[in-house]
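Reading the structure
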Amino acid sequence: MSGEIQNKVLFQQVVALLKNAQQQVIRTINSTMVYTYFEIGRMIVEEVQNGKERAAYGKQVLKELSKELTKEFGKGFSVDSLERIRNFYLIYSKSETLLRNSNNEETQSITSEFETQKTQTLFSFFKLTWSHYSFLM
């Protein structure tokens, strides 16, 4: 009888551990997606605003990027989605700048170390899912 109880406890512990791992993976995926969209937004803004501030040029960049990303990755990269990603960067880059400036003194001497810390800081900064950020925007 005690063998059954012990096995049931073991089973429950393993199930709890696996469920915890699943939740951790989901959180990591969500953080990675949000961070990736933030970086894509940064790249779009830098490309469009690098001496080419005309709205028509920006729209064309998004159309071309949308077309190529859709070929490569399928749905999810419409012009509207890319505009939302760009806006996400514009809105949240102010917070990212504050985070970067607060950590800058400690990491100024080694650029790659700074980039690693910046990435980790941004990962921890973005706590919500992409759907939540889209809704808030």
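Our structure's up above, just so we're on the same page.
The following paragraphs examine the structure supplied in this document. (Residues numbered from 1 in each chain as written. Predicted model: local features only at pLDDT ≥ 70, side-chain atom pairs only at ≥ 80, totals over all residues. Heavy atoms only, no water.)

**Let's talk about the packing of aromatic side chains**
In the structure shown here, the tally under the stated rule is 8 aromatic pairs. Seen from their ring centres, Phe-73 and Phe-77 are 6.1 Å apart, and the 55 degrees between their planes marks the pair as tilted. Phe-73 gets classed as exposed once you look at its relative accessible area, which sits at 57%. (Phe/Tyr/Trp six-rings, centres within 6.5 Å; stacked < 30°, edge-to-face > 60°. Buried < 20%, exposed > 50% of the residue type's maximum accessible area, 1.4 Å probe, protein only.)

**Quick notes on a nonpolar patch on the surface**
Taken together, Leu-10, Val-14 and Leu-18 make up a surface patch of nonpolar side chains, about 270 Å² in accessible area. One can find Leu-18 in helix α1 (residues 2-49). For Leu-18, a relative accessible area of 52% translates into the label exposed. (Patch = residues over 30% accessible without salt bridge, like charges linked within 9 Å, V, L, I, M, F, W, Y side chains within 5 Å. Areas by Shrake-Rupley, 256 points an atom, 1.4 Å probe, with all protein chains shown as cover. Salt bridge = Lys/Arg side-chain N within 4 Å of Asp/Glu carboxyl O. Helix = DSSP H or I, 4+ residues; strand = E, 2+ residues; numbered from the N terminus.)

**Re the side chain of Ser-66**
In this fold, Ser-66 is placed in helix α2 (residues 55-73). Beyond its immediate chain neighbours, meaning those up to four positions away, Ser-66 contacts Phe-77, Ser-78, Val-79 and Leu-82. (Contact = heavy atoms within 4.5 Å.)

**Let's talk about the pattern of salt bridges**
This model, assessed by the stated rule, comprises 3 salt bridges. The salt bridge partner of Arg-42 is Glu-39, with a shortest N-O separation of 2.8 Å. Of this pair, Arg-42 and Glu-39 both sit in helix α1, 3 residues apart, roughly one helical turn. Note on Glu-39: relative accessible area 12%, which makes it buried. Notably, a salt bridge pairs Arg-42 with Glu-46, separated by 3.0 Å at the nearest N-O pair.

**Re the nonpolar core**
What tends to happen in soluble globular proteins is that the nonpolar side chains get buried as a cluster. In terms of nonpolar packing, the biggest core is built from 20 residues, with Leu-82, Phe-88, Phe-126, Trp-130 and Tyr-133 touching the most fellow members. Looking at this core, the elements with two or more residues in it are α1, α2, α3 (79-107) and α5 (130-136). When residues of this core are assigned to their parent elements, the largest contribution, 7 residues, is made by α1. For Phe-126, the residues in contact, after removing those within four places along its chain, are Ser-31, Val-34, Tyr-35, Phe-38, Phe-88, Tyr-92 and Tyr-133. (Core = buried A, V, L, I, M, F, W, Y, C linked by side-chain atoms within 4.5 Å.)

All we've got here are geometric facts, nothing functional implied.
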